[in-house]
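# Topology and contacts: notes
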Protein chains: 2
Amino acid sequence: MPRLVAADIVIELRKRISSGEWAENGRIPPERDLADEFGVARNTVRRAVGLLEQDGTLVRHVGRGTFLATVDPNSLGAVVARMEGTSPADMMEIRKLLEPAAASFAATNASTSELNSVREAHETACDSTDMPVFEHWDAEFHHRVFACSRNDFLKEIHNLMRILRNQSPWFEMKKRSFSEERRVTYCGEHQAILDALMQRDPDAARQAMLIHLQTVERNLLGR
Amino acid sequence: MPRLVAADIVIELRKRISSGEWAENGRIPPERDLADEFGVARNTVRRAVGLLEQDGTLVRHVGRGTFLATVDPNSLGAVVARMEGTSPADMMEIRKLLEPAAASFAATNASTSELNSVREAHETACDSTDMPVFEHWDAEFHHRVFACSRNDFLKEIHNLMRILRNQSPWFEMKKRSFSEERRVTYCGEHQAILDALMQRDPDAARQAMLIHLQTVERNLLGR
DNA sequence: CCTCCTTGAGCCATTATTGAACCAATTTGG
DNA sequence: CCAAATTGGTTCAATAATGGCTCAAGGAGG
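First, a word on scope: everything that follows refers to the structure included in this document. What you see is a predicted model, and the numbers here were worked out from it, not measured in a lab.

## Quick look at the overall build of chain A
The number of helices and strands found in chain A is 11 helices and three strands. Listed by position from the N terminus, the elements making up chain A come as α-β-α-α-β-β-α-α-α-α-α-α-α-α. Here the C-alpha atoms of chain A give a radius of gyration of 22 Å, more than 25% beyond the 17 Å that 2.2 N^0.38 yields for 223 residues. Judged by the C-alpha coordinates and their principal axes, chain A covers about 70 × 35 × 35 Å. Here chain A, with 223 residues, has 47% of them falling under the buried criterion. For chain A, the computed accessible surface area is about 11,100 Å², with 49% contributed by carbon and sulfur atoms. One finds the centroid of the 29 positive side-chain charges in chain A at a distance of 4 Å from the centroid of its 33 negative side-chain charges.

## Some details on the environment of Glu12 of chain B
Its location among the elements puts Glu12 of chain B in helix H1 (residues 5-18). Taking the C-alpha atoms as reference points, Glu12 of chain B and Phe38 of chain B, separated by 26 residues in sequence, lie 9.7 Å from one another.

## Topic: the pairing of strand S3 (residues 65-68) of chain B
Residues and elements named next belong to chain B. When strand S1 (residues 27-28) meets S3, the two strands line up antiparallel, connected through two bridges. Along S3, the bridge assignment pairs Ile28 with Thr66. Examined bridge by bridge, strand S2 (residues 58-61) and S3 share four bridges and lie antiparallel to one another. Residue pairing for S3: Val59 is matched across the bridge by Phe67.

## Some remarks on the protein's contact with DNA strand C
Among the 26 residues in the neighbourhood of DNA strand C, the closest are listed as Val5, Asn43 and Thr44 of chain A together with Asn43 and Thr44 of chain B. At the protein interface, 59% of the atoms of DNA strand C within 4 Å belong to sugar or phosphate. One of the side-chain nitrogen or oxygen atoms of Arg47 of chain B is found 3.2 Å away from a phosphate oxygen of DNA strand C. Elements supplying a minimum of two residues to the surface near DNA strand C: helix H1 (5-18) and helix H3 (42-54) of chain A together with H1 and helix H3 (42-54) of chain B. Of the residues belonging to the surface near DNA strand C, the class tally is 12 nonpolar, six polar and eight charged.

## Considerations on the pattern of salt bridges
A full pass over the atoms with the stated rule returns 39 salt bridges over all chains. Note that Glu217 of chain A and Lys96 of chain A form a salt bridge whose closest N and O atoms lie 2.9 Å from each other. A residue pair is termed long-range when its members are at least 10 positions apart, and Glu217 of chain A in helix H11 (residues 202-221) and Lys96 of chain A in helix H5 (residues 88-109) qualify at 121 residues. Classification of Glu217 of chain A as buried rests on a relative accessible area of 12%. Note that Arg16 of chain B is salt-bridged to Glu21 of chain B, the shortest N-O span being 3.9 Å. Overlapping salt bridges, with partners in common, bring together Glu31, Arg42, Arg46, Glu53 and Arg60 of chain A in one network.

## Some points on the sheet that holds strand S2 (residues 58-61) of chain A
Taking strand neighbours across the sheet as the criterion, the three strands line up as S1-S3-S2 (chain A) in an open arrangement whose pairing is antiparallel. The open sheet has two edge strands with one neighbour each: strand S1 (27-28) and S2 of chain A.

## Structural notes on the environment of Leu154 of chain A
Here Leu154 of chain A lies in helix H8 (residues 152-165). By relative accessible area, Leu154 of chain A is classed as buried at 0%. It is 7.6 Å that separates the C-alpha atoms of Leu154 of chain A and Ala102 of chain A, two residues lying 52 residues apart in sequence. The contact partners of Leu154 of chain A, leaving out residues within four places of it in the chain, are Leu98, Ala102, Phe105, Phe146 and Ser149 of chain A together with Ile94 of chain B.

## A short note on the interface of chain B and chain A
Across the contact, 44 residues belong to chain B and 43 residues belong to chain A. Carbon and sulfur atoms make up 71% of the surface buried where chain B meets chain A, a total of about 3,900 Å² over both sides. Considering only the surface of chain B that becomes buried against chain A, Leu76, Phe153 and Glu156 of chain B emerge as the three largest contributors, covering 17% of it. A salt bridge links Glu24 of chain B to Lys15 of chain A; the nearest nitrogen and oxygen atoms lie 3.7 Å apart. The interface formed by chain B and chain A includes seven residue pairs in polar contact (both at pLDDT 80 or more).

## Details of the nonpolar core
Membership of the largest hydrophobic core comes to 92 residues, with the highest contact counts inside it found for Leu197 of chain A together with Leu197 of chain B. Leave out the neighbours within four places in its chain, and Leu197 of chain A touches Ala103, Ala106, Ala107, Leu115, Val118, Val145 and Ala205 of chain A. In terms of nonpolar packing, the next biggest core, distinct from the first, is built from 14 residues, Val10, Leu13, Ile17 and Leu52 of chain B among them.

## Some remarks on the packing of helix H5 (residues 88-109) of chain B against helix H7 (residues 131-147) of chain B
All names here are of chain B. Taken N-terminus to C-terminus, the directions of H5 and H7 make an angle of 60 degrees; their axes are 8 Å apart at the nearest point. Judged on the interaxial angle alone, H7 and H5 are oblique. Helix-helix and strand crossings are classified by hand; for H5 and H7 the assignment is left-handed. Of the residues in H7, those in contact with Arg95, Leu98, Glu99, Ala102, Ala103 and Ala106 of H5 are His142, Val145 and Phe146. Partitioned by chemical class, the residues of the contact of H5 with H7 number six nonpolar, one polar and two charged.

Rules of the game
Residues numbered from 1 in each chain as written. Chains lettered and ligands numbered in written order. Predicted model: local features only at pLDDT ≥ 70, side-chain atom pairs only at ≥ 80, totals over all residues. Heavy atoms only, no water. Helix = DSSP H or I, 4+ residues; strand = E, 2+ residues; numbered from the N terminus. Rg over C-alpha atoms; globule rule 2.2 N^0.38 Å. Buried < 20%, exposed > 50% of the residue type's maximum accessible area, 1.4 Å probe, protein only. Areas by Shrake-Rupley, 256 points an atom, 1.4 Å probe, with all protein chains shown as cover. Lys, Arg positive; Asp, Glu negative; His and termini not counted. Charge placed at Lys NZ, Arg CZ, Asp CG, Glu CD. Pairing = 2+ DSSP bridges. Near = heavy atom within 4 Å. Polar contact = N/O pair within 3.5 Å; in protein donor to acceptor, adjacent residues only side chain to side chain. Nonpolar A, V, L, I, M, F, W, Y, C, P; charged D, E, K, R; others polar. Salt bridge = Lys/Arg side-chain N within 4 Å of Asp/Glu carboxyl O. Contact = heavy atoms within 4.5 Å. Buried area = accessible area lost by both parts, 1.4 Å probe. Core = buried A, V, L, I, M, F, W, Y, C linked by side-chain atoms within 4.5 Å. Axes fitted to C-alpha atoms, helices over the stretch in contact; angles between N-to-C directions. Parallel < 35°, antiparallel > 145°, perpendicular 65-115°, else oblique. Left-handed = near helix turned anticlockwise from the far one by under 90°.

Listed below in structure tokens is the structure:
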């Protein structure tokens, strides 16, 4: 028997909620019934339901039951939830808008030590023959470019995209799209970006980043 | 058995992590299970997991388990929380990146009825002399442009920005920057955007939106 | 020979789950 | 209107799972 049953129940409940299982009257079965159904103690179900209540998915009333919260489509939570369904094509389009701009900002705004940390990520990535390690430092390279763009909002948007890309539907796609040859290509393109940053040339940095993202897009979407 | 068993396990774990094996709930098996599976002592697994924890790939909690750092659901909340502190200057910079692109997309992708709904928002805004009413339809105009860009992710990013801009520090700023003269200016600029959309001219739409945002920026930041 | 890593074992501190009981608010049915 | 049933809220002790830590013995490589 695995542990952390509550977390698994949260996932299962989320699945059922989004599948519309209880959308009719918006009422969820009593905790005691759910406990029976999942074969766990009521306390465990209570913990799971509590988490869903905390993040605003459910509302509980003593003596009445537990209900789906009426979703405010303009709440931050709802917006982020909808973002989780973002398609790779849509996201690549936004990356092509934001990352070249971030590179351009970085060329003018970055401190020398920040640029060194970008170079460090680049070199570590190039030295990695192991795919997951390369992937990690590749992501780190892009992240550090955003970090020295000196626009905190831009940086956080990139964080958001990074989290979204770490959700399960993306894994298969990344796995399919990587190869040794492409790793070498990426290293060369990163080098061009880094060179432009070092030379403090915003336009060259923007251009180099755009070229790189077009390569990534081709590999990812097979265009 | 050669030495450096722990390093090999690090590589194997990285592989599995990047293949998405534990992406669903972000939890990796207990150290004791991994030790059994790899046929090594628990101490060795601990060393490997320790390395991955050190470089930020994993997070460990006594009594709970070991988790992928990137799928930590709190990290999404943390990102959004940090976004709430976004400065007007940073956001204007991003708006100037995204909204002209959205207008350009809209010029090519929008359906006729979508364009009509943009025009409707525009006309209602122009007819409003009351500041909160104008404000509402002004925001609605921009939102509808994003809505017909046919990029859901872009649309949600704009929703996010809209919510952030509706928080208190922004309210004062908007109130200060508003005047009858500016309202008329905005109406004219919106008209130019709408005309470009109606003529299905992406470049003109991008340009008109950029000009408008530069006006907004000047008024908002006093530059 | 010395150093570092692995092994296997044991114990600790923290956390999660269980099962139970009782309370408080609400609904249901007579 | 009242009583019973239903439902979430709270607490508690016992058990199990999990990472944190230490130690002694064995082994591989310099």
